[in-house]
Amino acid sequence: MHQAPKWPSASTVVVGVIGNPIAHSLSPLLHQAAFEALGLDWVSLGFEVGPSALGDAVSGIRGLKIRGVSVTMPHKESVMALLDRISPLAKALGSVNCITNDSGVLEGDTTDGPGFIEALAHGADFDPMGKSCVVLGAGGAARAVAAALGVAGARDVAVVNRSPGPAARAAAIAGPAGRVGRASDALGADLVVQATSVGMAGTESAGRLVIEPELLGPGQLVVDLVYHPVTTALIDAANRRGARTMSGVGMLVHQAALAIERWTGLQAPLGAMWEAAAAAVGAG
Ligand code: NAP
């Protein structure tokens, strides 16, 4: 293994993340942990890009030969029109979170859903094939998860959301297995995924539960995509009820790992990335 140089040089390969706001993003930290473990002379930076600057920023990726960027809010949809190619999954989802620059040709892809499926396999030895799944929420994260569960062969993907319109759209994205569900669908489901923003530290909803804990129990896997805090009120309640649980750190790490693999062509160092993520979110 090579030693990664301590400082960037004129030959350092640059990647990054674009979004607004961007200061909170953990992407540069996860990318950098990977580059250091791989011994690569690469650097990852956060670029604050407002909506009116998106076109200039995408031209900059080409002009500055930036190898790739992760894309976060509010650009996941609007950036699509500015790219040369869009992967079939990103097209179906209407969302791009990863751009790869192949000699000036920019390809948009989405690694959120595939990262979630990888996290299930690595973190919980769970294969969605033939399983009944409930997705709580219908925003960007929920749609990515619902689509990925459909592609992975889930038998049933019930989308439960406060607002009915987004729920119907998310259910449709899951394909034939998708349907709009209700909270009671969580009773006996193989997998329950909490994909709303409820439970996030720093919001008044941090201690709230999105569903009644009585609906959860042994034999189920409960995943909360919220990763700050790592142990949300829902994860705590599900643990007490005897369900298996998984935090959102797994999806965070695996979606970034897939981006690293697209850009470098190398296998991502999951251990180093996990350590960096856990230290950043206080998972220990
Ligand atoms: P989003 O697009 O803004 O969607 C938010 C969702 O939460 C919507 O379905 C919304 O319902 C629902 N919601 C918000 N407040 C609610 C409340 N008080 N009660 C019930 N439902 C409520 O957000 P997102 O990008 O999908 O992100 C959702 C969460 O996933 C965030 O906490 C984010 O940090 C996390 N996330 C984690 C990862 C990871 O790698 N682990 C990746 C992406 C996102 P309505 O449609 O009714 O408004």
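It should be emphasised that the depicted structure is a prediction, and the values quoted were computed from it without experimental measurement.

(A) Representation of the overall build of the protein chain in the model. Looking only at helices and strands, the protein chain has nine helices and 12 strands in total. Against the compact-globule benchmark of 19 Å for 284 residues, the protein chain has a radius of gyration of 19 Å, which places it among compact chains. Viewed in the frame of its principal axes, the protein chain has a C-alpha envelope of about 60 × 40 × 35 Å. Residue burial in the protein chain is summarised as follows: out of 284 residues, 50% are buried. In the protein chain, of all internal contacts separated by at least 6 residues, the share reaching a separation of at least 24 is 66%. Working note: accessible area of the protein chain is about 12900 Å², and carbon and sulfur atoms make up 55% of it. For the protein chain, the distance from the average site of its 19 positive side-chain charges to the average site of its 23 negative ones is 4 Å.

(B) Layout of the pattern of salt bridges. Scanning the model with the defined rule gives nine salt bridges in all. Between Lys76 and Asp112 there is a salt bridge, and its shortest N-O distance comes to 3.0 Å. Of this pair, Lys76 sits in the loop between strand 3 (68-71) and strand 4 (85-86) while Asp112 sits in helix 4 (residues 112-124), and the two are 36 residues apart along the sequence. Like Lys76, the residue Asp112 is buried in the burial classification.

(C) Highlighting the sheet that holds strand 2 (residues 42-48). Taken in spatial order, the six strands of this open sheet run 2-1-3-5-6-4, and their pairing is mixed. What marks the edges here is a single partner per strand, and that holds for strand 2 and strand 4. Judged from the four bridges that link them, strand 1 (residues 13-19) and strand 3 form a sheet pairing that is parallel. The residue of strand 3 that forms the bridge with Val17 is Ser70. Against the sheet, helix 1 (residues 27-38) engages strand 1, strand 2 and strand 3, with an angle of about 175 degrees to strand 2.

(D) Molecular detail of the packing of aromatic side chains. Evaluated as defined, the whole model comprises one aromatic pair. For the pair Phe35 and Trp42, a centre-to-centre distance of 5.2 Å together with 45 degrees between the ring planes defines the contact as tilted. Across the pair, exposure class does not vary: Phe35 and Trp42 are buried alike. Positioned above the aromatic ring of Phe126, the side-chain terminus of Lys131 is 5.0 Å from the ring centre.

(E) Representation of the sheet that holds strand 11 (residues 221-224). Taken in spatial order, the six strands of this open sheet run 9-8-7-10-11-12, and their pairing is parallel. Edge strands, defined here as strands with exactly one partner in the open sheet, are strand 9 (178-180) and strand 12 (244-246). Averaged over all pairs of adjacent strands, the angle between their axes in this sheet comes to 20 degrees, without regard to strand direction. Across the sheet, helix 7 (residues 233-240) is in contact with strand 10 (191-194), strand 11 and strand 12; its angle to strand 11 comes to roughly 165 degrees.

(F) Structural detail: the domain arrangement of the protein chain. Taken domain by domain, the protein chain comprises domain 1 (13-110 + 255-281) and domain 2 (113-247). Look at where the C-alpha atoms of domain 1 and domain 2 centre, and you get two points 25 Å apart. Contacts between the two partners involve 10 residues from domain 1 and, on the opposite side, 12 residues from domain 2. Here domain 1 meets domain 2 over a buried area of about 820 Å², counting both sides, of which 73% is carbon and sulfur. At the boundary of domain 1 and domain 2, one finds one salt bridge. Put simply, Arg143 and Glu77 hold a salt bridge, and the shortest N to O gap is 3.8 Å.

Criteria and thresholds
- Residues numbered from 1 in each chain as written.
- Predicted model: local features only at pLDDT ≥ 70, side-chain atom pairs only at ≥ 80, totals over all residues.
- Heavy atoms only, no water.
- Helix = DSSP H or I, 4+ residues; strand = E, 2+ residues; numbered from the N terminus.
- Rg over C-alpha atoms; globule rule 2.2 N^0.38 Å.
- Buried < 20%, exposed > 50% of the residue type's maximum accessible area, 1.4 Å probe, protein only.
- Contact = heavy atoms within 4.5 Å.
- Areas by Shrake-Rupley, 256 points an atom, 1.4 Å probe, with all protein chains shown as cover.
- Lys, Arg positive; Asp, Glu negative; His and termini not counted.
- Charge placed at Lys NZ, Arg CZ, Asp CG, Glu CD.
- Salt bridge = Lys/Arg side-chain N within 4 Å of Asp/Glu carboxyl O.
- Pairing = 2+ DSSP bridges.
- Axes fitted to C-alpha atoms, helices over the stretch in contact; angles between N-to-C directions.
- Phe/Tyr/Trp six-rings, centres within 6.5 Å; stacked < 30°, edge-to-face > 60°.
- Lys NZ or Arg CZ within 6 Å of the ring centre and 35° of its normal.
- Domains from an automatic or database assignment.
- Buried area = accessible area lost by both parts, 1.4 Å probe.

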